[in-house]
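A structural walkthrough
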Amino acid sequence: MEEFEKRGIGVVSGRDACARALRSPDLTSDPGGGSPSVLLRDGDGHTRVRGVLREIIAGLEPLPDAVVASIEAAVGGLGSSFDLVRDFARPVAGTVASAVLGVGLDDGFLDRLEATTANLDVFGGTDRAGQAAAFRLAVQLSRTPAGPGGLTALREAHAAGRLDDDELMFNPVVLAHAAYENSLNFLACAGLELATSGPRSVRELVTAICPARYVLRFGPDGPVAVSLTDGLPFGLGRHACPGSGVALAEGEIALTALAKHLDSGCEVRKVRWKTHPVFHGLVSAQVVVSV
Ligand code: HEM
């Protein structure tokens, strides 16, 4: 909150006020400057790009067997001592992000994705290191040979005149980042809940954890941060998360496998939290399984 006030950003909180704000025609996601990112625009351009992304995400509903098998293998292979972020959330969220795009999951891809920082405003913000990393990832993806999946679908949409050059360049990064960052933070926090307080439904967990705490909108009186912590973890309205079904399915599979792994009990040590004002997550947390 203080962080927003310092920057002259108003805050909207309370479920009803937030729902109204997210549905309001007077508040836009477009900060000006003509960003090609689906997240930073409204109107026909937003509807068109979102339509292409939604078709891509539908290819993972239900999650393909190969993706389910990779998630289960990653979690099943955890040893008796592991880190919830590095060893659990990272490989699971990475598997889904690479499946969304249809590109191989190598560490270069994940490293570049993480270097874009926990800030989806990757081209319009003030974080130069984040912007530079996002630009490098965009260039790398533009040169990556892709199999069936999102990157190929975006290229086909461009060839069919549904996306312009800039939209094709930037939205692969936006899609990969959207699929990765919130899922990574959610899975690690949900893993911690599971390890310390026992099982709860994935829907309950995502609402309680709310990994994206605020979304930014621009109105006649300046920018406002709309809180999602009062029961709106996937947002609402025109920009509501189109990947929520994938996120819930991914969480269900990964957390079920983790619960099995922790069946005999465990101890959690060295819990470190991120301090980002918007993206809520863990830096690391060490789990030691009881024998
Ligand atoms: C627990 C995991 C996730 C959470 C909490 C989450 C949350 C959100 C929220 C709150 C927004 C709205 C942003 C806004 O209103 O400005 C959003 C947008 C978006 N999310 Fe998710 N998300 C998650 C996972 C995913 C996954 C797995 C995918 C892809 C498969 C995805 C794709 C997207 C895209 C493309 C957008 C932009 C939509 C638009 O601007 O119209 N998300 N997400």
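Preceding this paragraph is the structure being described.
All of these numbers come straight from a predicted model, not from anything done at the bench. Along every chain, residues carry numbers that run from 1 in the direction the sequence is written. Note on the predicted model: pLDDT of at least 70 is required for a residue's local features to be given, and 80 or more for side-chain atom pairs to be given and counted; whole-chain, interface and lining totals, by contrast, use all residues. Just so you know, side-chain values use all the structure's heavy atoms and leave hydrogens and water out.

Description of the overall build of the protein chain
Broken down by element type, the protein chain carries 11 helices and six strands. In this treatment the radius of gyration is a C-alpha quantity, and the globule benchmark scales as 2.2 Å times the residue count to the 0.38 power. The globule rule puts the C-alpha radius of gyration for 291 residues at 19 Å, and the 19 Å found for the protein chain is close to it. By principal-axis analysis of the C-alpha atoms, the protein chain measures approximately 60 × 45 × 35 Å. The proportion of buried residues among the 291 residues of the protein chain is 47%. Any pair of residues with heavy atoms lying within 4.5 Å of one another is described as a contacting pair. Within the protein chain, contacts between residues at least 6 apart in sequence are counted, and of these 68% link residues at least 24 apart. The helix count covers DSSP runs of H or I at least four residues long, the strand count covers runs of E at least two residues long, and both are numbered beginning at the N terminus. The buried label goes to any residue with under 20% of its type's maximum accessible area, the exposed label to any with over 50%, and the partly exposed label to all in between, with areas taken from a 1.4 Å probe on protein chains only.

Concerning the sheet that holds strand β2 (residues 81-83)
DSSP-based pairing: two strands are paired if at least 2 bridges between them are found. Taking strand neighbours across the sheet as the criterion, the three strands line up as β2-β6-β5 in an open arrangement whose pairing is antiparallel. Of all strands in the sheet, those with a lone pairing partner are β2 and β5 (266-273), marking the two edges. Averaged over all neighbouring strand pairs, the angle between strand axes comes to 10 degrees, with direction disregarded. Throughout, an axis means a line fitted to C-alpha atoms (over the contacting stretch in the case of helices), and angles, computed between N-to-C directions, take values from 0 to 180 degrees. Its contacts with the sheet put helix α5 (residues 84-101) on β2 and β6 (282-289), and the angle it makes with β2 is roughly 70 degrees. In this fold helix α9 (residues 165-197) packs onto β5 and β6, with an angle of close to 145 degrees to the strand it touches most, β5.

With respect to helix α2 (residues 15-23)
In an α-helix, one turn spans 3.6 residues, which is why side chains three or four residues apart end up on the same side. Residues of α2 that are buried include every one of Cys-18, Ala-19, Ala-21 and Leu-22, and no others. Each buried residue of α2 lies within a common arc of 160 degrees when the element is viewed along its axis, so the set occupies one face. Projecting away from the buried face of α2 at angles above 90 degrees are the exposed residues Asp-16, Arg-20 and Arg-23. Working definition: the arc comes from the directions between the helix axis and the C-beta atoms, pointing outward to the latter.

What to know about the coordination of the iron atom of the ligand
The rule for donors is simple: an N, O or S atom within 2.8 Å of the metal counts, and for Na, K and Ca the reach is 3.2 Å. Water is not among the atoms, so a site may look short of donors. The protein gives the iron atom of the ligand a lone donor atom, Cys-241 (SG), placed 2.3 Å from the metal. Within the element layout of this structure, Cys-241 appears in the loop between β4 (222-227) and α11 (244-261).

Quick look at the nonpolar core
In this text, buried Ala, Val, Leu, Ile, Met, Phe, Trp, Tyr and Cys residues form a nonpolar core when linked through side-chain atoms within 4.5 Å. With 70 residues, the main nonpolar core has Ile-71, Phe-88, Phe-186, Leu-255 and Leu-258 as its most contacted residues. At 16 residues, α9 tops the list of elements feeding residues into this core. Beyond its immediate sequence surroundings of up to four residues, Phe-186 is in contact with Val-202, Leu-205, Val-206, Ile-209, Pro-211, Gly-251 and Leu-255.

From the geometry alone we can't say anything about function, so treat these as descriptive.
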